[in-house]
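# Overview (structure and organization)
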Amino acid sequence: MTAVRQRAKADSSNSEKLYGIAELAAELGITARAIRFYEAKELLAPVRANGGRVYTRRDRARLKLILRAKSIGFSLAEVQQFLELYGSRGEGRPQQVSFLADRSAAMIAELEQKQEDIVKTLEELRDIHAQCLRFLAEDGTPCKTAGDGEAADAPHKKSRRTAG
């Protein structure tokens, strides 16, 4: 029996609110299939009762954490690593925070680089777009790509269209 499943059984013995899979899925705006997927990946381990899955408040909190981590770009492997750091009683909380700080710093750096790349690409596309509009509006010279400074080699006809 996995540690996740052992904790789930211990949690269900308390007199706390329990959720069915349909109820939990509806509350979190996901499908029951998505919840079963996270179970298959051993990120969740609900207790089985009368042939159905029963989720505790802890399972609900864990699922919310999984969904949030996925929405900001964490892989399932990273989510699993983060959850496993917690331990059986929260003794791994400092390690979780350290892991999260390190990983979020790396993700911020990656996103900032992507943002810079997007800005450069947008500038180039705007330049190409403007050149194409000039081509259509003016004398029929072909569009130039940003930075090449020479006309495209493809043959062209003079356009009689004007920008309107």
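Think of each chain on its own: its residues are numbered from 1, step by step along the sequence as written. Given that this is a predicted model, residues contribute local features only at a pLDDT of at least 70 and side-chain atom pairs are listed and counted only at 80 or more, while totals for whole chains, interfaces and linings are drawn from all residues. Working from all heavy atoms in the structure, the side-chain values ignore hydrogens and water.

## Section: the nonpolar core
The condition that has to hold: In this text, buried Ala, Val, Leu, Ile, Met, Phe, Trp, Tyr and Cys residues form a nonpolar core when linked through side-chain atoms within 4.5 Å. Relative accessibility decides the category of a residue: with a 1.4 Å probe and only protein chains considered, values under 20% of the type maximum give buried, values over 50% give exposed, and everything between is partly exposed. A run of H or I in DSSP counts as a helix once it spans at least four residues, and a run of E counts as a strand once it spans at least two, with each numbered from the N terminus. Here, two residues are considered to be in contact whenever any of their heavy atoms come within 4.5 Å of each other.
Ranked by internal contacts, the top residues of the largest apolar core, which has 19 residues, are L24, I35, L63, I66 and V79. Of all the secondary structure elements, the ones that give two or more residues to this core are α2 (21-28), α3 (32-40), α4 (57-71), α5 (76-85) and α6 (93-137). Here this core gets four residues from one element, more than from any other, and that element is α2. With near-sequence residues (within four places) excluded, L24 lies in contact with Y19, I35, Y55, R60 and L63.

## Observations concerning the packing of aromatic side chains
Selection rule: Under the pairing criterion, centres of Phe, Tyr and Trp rings, with the six-membered ring standing for Trp, must be within 6.5 Å; the plane angle then separates stacked pairs below 30 degrees from edge-to-face pairs above 60, leaving the rest tilted. The rule for a charge over a ring is simple: NZ of Lys or CZ of Arg within 6 Å of the ring centre, and within 35 degrees of the ring normal.
Evaluated as defined, the whole model comprises two aromatic pairs. An angle of 70 degrees between the planes, with centres 5.5 Å apart, marks the rings of F37 and Y38 as edge-to-face. An angle of 35 degrees between the planes, with centres 6.3 Å apart, marks the rings of F82 and F99 as tilted. You can see F82 sitting in helix α5 and its partner F99 sitting in helix α6, a full 17 residues away along the chain. Judged by its relative accessible area of 10%, F82 falls in the buried class. Over the aromatic face of Y19 sits the side chain of K17, whose NZ or CZ is 4.7 Å from the ring centroid.

## Quick notes on the confidence of the model for the protein chain
Under the convention used in this document: The predictor attaches a confidence to each residue, called pLDDT, with possible values from 0 through 100.
Looking at the protein chain, pLDDT values average 83 and 76% of them are 70 or higher. Predicted confidence for residues 150-164 stays below pLDDT 50, and this span has 19 contacts to residues more than four positions away or in other chains.

## Describing the pattern of salt bridges
Side chains that differ in charge, positive against negative, can pair when their charged atoms come close. Heads up, the condition is: One side-chain nitrogen of Lys or Arg within 4 Å of one carboxyl oxygen of Asp or Glu is enough to make a salt bridge.
In total, this model carries six salt bridges according to the counting rule given. One salt bridge in this structure joins E39 and R48, with 3.9 Å as the shortest N-O distance. Residue classification places E39 among the buried residues on the basis of a relative accessible area of 12%. The exposure class of R48 is partly exposed, given its relative accessible area of 47%. The network of salt bridges with common partners includes E39, R48 and R53.

## Side note on the environment of L67
Here L67 shows up in helix α4. Taking the C-alpha atoms as reference points, L67 and Y38, 29 residues apart in sequence, are found 10.0 Å from one another. Setting aside its immediate chain neighbours within four residues, L67 contacts L28, I30 and Y38.

## Observations regarding the packing of α2 against α4
Heads up, the rule is: Fitted lines through C-alpha atoms give the axes, limited to the stretch in contact for helices. The angle between two N-to-C directions lies from 0 to 180 degrees. Orientation is classified from the angle alone, with under 35 degrees giving roughly parallel, over 145 giving roughly antiparallel, 65 to 115 giving roughly perpendicular, and any other angle giving oblique. By definition, turning the near helix anticlockwise from the far helix through less than a right angle yields a left-handed crossing, and turning it clockwise yields a right-handed one.
Between α2 and α4, the shortest axis-to-axis distance is 12 Å and the interhelical angle comes to 40 degrees. Viewed along their axes, α2 and α4 adopt a mutual orientation that is oblique. The way α2 lies across α4 gives a crossing that is right-handed. Of the residues in α4, those touching α2 at L24, E27 and L28 are R60, L63, K64 and L67.

## Considering the side chain of Q96
Along the chain, the position of Q96 falls in helix α6. Classification of Q96 by relative accessible area gives buried; the value is 3%. In this view, Q96 contacts F82, L83, L85 and Y86; residues no more than four positions away in its chain are not counted.

## Digging into the side chain of R62
Basically, it comes down to this: His is not counted, nor are the chain ends; Lys and Arg add positive charge and Asp and Glu add negative charge. Definition of a polar contact: a pair of N or O atoms within 3.5 Å, with one able to donate and the other able to accept a hydrogen when the atoms are protein atoms, and with sequence-neighbouring residues admitted only if both atoms are side-chain atoms.
Within the secondary structure layout, R62 lies in helix α4. This buried residue, R62, is left without a salt bridge; D59 holds the nearest opposite charge, at 5.8 Å. Among the polar contacts listed, one links the side chain of R62 to the backbone oxygen of L43, at a separation of 2.7 Å.

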